[in-house]
Each structure stands twice: as structure tokens, then as C-alpha cells.
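Report on the structure
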Amino acid sequence: LTAVVVGAQLMLAVGLVLVGITFARRQLLAAFDMSLQGKARAVAALVYYPPEGKPGLLFDDDEAPPPFDASHPDIYQVTSAAPRFEAHSRNFSSSFLQDEPERNEYWNFISNGVPYRGLILRKVAIRDADTATTDVDVAVDVFYAAPTLDIARRANEVGLMVGGASLLLLALTGLLAAWAIRRGL
């Protein structure tokens with residue numbers, strides 16, 4: 001009987017660990033996606049019209065948001081069809097866009113052995129209307145990607161915490177069950 005109780009508790013502990021890791025990963029990914037979208041919008045805000053009514057667009061790359069992970073820089077590209085314009089991070093490659101989904105969705109890819117998650121914001125309006133040289137609304141498309149190494153690490157930490165707590169509770173309830181069975185309860 002003790003083995004059945006301990007076996008059931010062990011299955012419960014394993015289930016809790018799996019649910020904990022899955023839930024933590026989902027929540028971390030949702031928070032990461034919101035942050036990724038915010039960084040993409042911040043990059044879009046760095047596009048502006050040249051002073052003194054000159055044609056074209058300019059990009060202030062000195063103000064690009066800091067990367068999520070200093071050892072693996074974020075990747076971005078900003079483009080506009082009219083006027084013809086492109087700005088991108090030093091580590092950008094058009095190959096990153098090969099697996100781009102058709103809609104504005106997030107997608108995962110590997111760059112130099114590092115997992116990244118990216119998204120594209122389409123037709124983001126330029127907010128520098130005071131110095132615009134044209135009556136035509138100009139919009140940009142922004143590709144932004146960041147490494148997801150931290151998500152896996154944090155989900156694993158949650159798994160270790162939940163697993164450790166489950167094992168501790170398993171040991172305590174197993175001892176309590178063994179004691180109760182010996183006492184005839």
C-alpha cells in the first residue's frame with residue numbers, strides 16, 4: 001500500500017513539474033513577445049524626416065534599444081517603399097526573413113547556433129509629421145528579433161523549483177503515509 005501511495009505521489013510530482021515548466025514557458029514567451037513588440041515599435045520611432053524639408057528618411061541608430069542579451073545582439077531592419085529606405089543592425093541578414101510568416105506573427109529561427117524569435121510590424125506610421133516634406137503618409141515595416149536563450153533557462157529554473165518542492169513534499173507525505181500505515185490508521 002505504501003508503494004502505491006508513493007507511486008501516485010511520484011506521478012503527481014512529475015505532472016506538476018511538467019505543468020509548471022509548460023505554464024512558465026508560455027507565460028515567459030507571452031511577456032517576451034510583448035517586449036519584442038515594444039522594442040520593434042521603439043526602432044520604428046527612430047525613423048524621421050531630414051531637417052529643412054529635404055526628401056527621404058533618416059534613422060537614428062545610436063538610440064536603438066539595448067539588446068535582451070549583451071552577448072547575443074538583437075537584430076532589426078526598417079524598410080519603406082516610398083521613399084525608398086532601409087536601415088538595419090550590423091548583424092542583419094536577409095536570410096533571417098526566409099521563414100517569415102505571411103501574417104504579422106512571431107516566428108523562431110536559429111542564427112549562429114542561437115535561438116531567436118522575430119516579428120514584423122507592417123505599415124507603422126512615422127510620427128515625425130511636423131517636418132514631413134510630403135502629403136503622402138509614409139509608413140515603415142520593422143523586423144525585430146531577439147535571442148530566446150533566457151526563456152529556456154528561466155523555464156528550467158521553474159522546473160527545478162517545482163521539482164524540488166514536489167520531491168520535498170513527496171518525501172514528507174511518504175513518511176507520513178508510512179507512519180500512518182504502521183500505526184494502523
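Rules of the game
- Residues numbered from 1 in each chain as written.
- Predicted model: local features only at pLDDT ≥ 70, side-chain atom pairs only at ≥ 80, totals over all residues.
- Heavy atoms only, no water.
- Phe/Tyr/Trp six-rings, centres within 6.5 Å; stacked < 30°, edge-to-face > 60°.
- Lys NZ or Arg CZ within 6 Å of the ring centre and 35° of its normal.
- Helix = DSSP H or I, 4+ residues; strand = E, 2+ residues; numbered from the N terminus.
- Buried < 20%, exposed > 50% of the residue type's maximum accessible area, 1.4 Å probe, protein only.
- Polar contact = N/O pair within 3.5 Å; in protein donor to acceptor, adjacent residues only side chain to side chain.
- Contact = heavy atoms within 4.5 Å.
- Patch = residues over 30% accessible without salt bridge, like charges linked within 9 Å, V, L, I, M, F, W, Y side chains within 5 Å.
- Areas by Shrake-Rupley, 256 points an atom, 1.4 Å probe, with all protein chains shown as cover.
- Salt bridge = Lys/Arg side-chain N within 4 Å of Asp/Glu carboxyl O.
- Core = buried A, V, L, I, M, F, W, Y, C linked by side-chain atoms within 4.5 Å.
- Pairing = 2+ DSSP bridges.
- Axes fitted to C-alpha atoms, helices over the stretch in contact; angles between N-to-C directions.

Topic: the packing of aromatic side chains
What describes a pair of aromatic rings is the distance from one ring centre to the other and the angle between the planes of the rings. Applying the stated criterion to the full structure yields 8 aromatic pairs. The rings of Phe-92, Trp-107, Phe-109, Tyr-116 and Phe-143 are connected pair by pair, giving a single aromatic cluster. For the cation-ring pair, Lys-39 lies above Phe-68, with the distance from its terminal atom to the ring centre recorded as 4.2 Å.

Notes on the side chain of Ser-89
Along the chain, Ser-89 falls in the loop between strand 4 (85-88) and strand 5 (107-111). Taking the relative accessible area as the measure of exposure, Ser-89 reaches 7% and is therefore buried. A distance of 2.7 Å separates polar atoms of two side chains, one belonging to Ser-89 and the other to Asn-91. Ignoring anything within four residues of it in the chain, the contact list for Ser-89 reads Asp-74, Ile-75 and Tyr-76.

Thoughts on a nonpolar patch on the surface
Residues Leu-10, Val-14, Leu-18 and Leu-167 make up a contiguous nonpolar surface patch of about 370 Å² in total accessible area. The element contributing the most residues to the nonpolar patch is helix 1 (residues 2-44), with 3 residues. You can see Leu-10 is positioned in helix 1. Assessed through its relative accessible area of 40%, Leu-10 is described here as partly exposed.

Overview of the environment of Phe-59
The residue Phe-59 is located in strand 2 (residues 58-59) in this model. Those residues in contact with Phe-59, other than ones at most four positions away along the chain, are Val-43, Leu-46, Val-47, Tyr-48, Tyr-76, Val-78, Phe-85 and Ala-87.

A closer look at the nonpolar core
When a protein is soluble and globular, its nonpolar side chains tend to lie buried together. Counting residues in hydrophobic clusters, the biggest one holds 24 residues, and the most contacted among them are Val-47, Leu-57, Phe-59, Val-78 and Val-140. Of all the secondary-structure elements, those providing two or more residues to this core are helix 1, strand 3 (75-80), strand 4, strand 6 (114-125) and strand 7 (139-147). Those residues in contact with Val-140, other than ones at most four positions away along the chain, are Ala-44, Val-47, Leu-57, Val-78, Thr-79, Ser-80, Leu-121, Arg-122, Lys-123, Val-124 and Ile-126.

Side note on unusual backbone geometry
The phi torsion of most residues other than glycine is negative, and most of the peptide bonds are trans. Phi is positive for Asn-112, close to 55°, though the residue is something other than glycine. Mapped onto the fold, Asn-112 is located in the loop between strand 5 and strand 6. Phi at Lys-123 is positive, roughly 55°, even though this residue is not glycine. Inspection of the secondary structure assignment puts Lys-123 in strand 6. Since its relative accessible area comes to 68%, Lys-123 is described here as exposed.

Examining the sheet that holds strand 4
With antiparallel pairing, the 5 strands of this open sheet are ordered in space as 4-3-7-6-5. The open sheet is flanked by strand 4 and strand 5, the only strands paired with a single partner. Neighbour to neighbour, the strand axes of the sheet diverge by 20° on average, direction disregarded. Here strand 6 pairs with strand 7 via 8 bridges, running antiparallel.

Side note on the pattern of salt bridges
Enumeration over the complete set of coordinates arrives at 6 salt bridges. A salt bridge links Arg-117 to Asp-33; the shortest N-O distance between them is 2.6 Å. In this pair, Arg-117 is assigned in strand 6 and Asp-33 in helix 1, connecting sequence segments 84 residues apart. For the pair shown, Arg-117 and Asp-33 are each scored as buried. Put simply, Arg-153 and Asp-150 hold a salt bridge, and the shortest N to O gap is 2.4 Å. Residue Arg-153 and its partner Asp-150 are both found in helix 2 (residues 149-182); the two are separated by 3 residues, about one turn of the helix. In this structure, a network of salt bridges that share partners links the residues Asp-150, Arg-153, Arg-154 and Glu-157.

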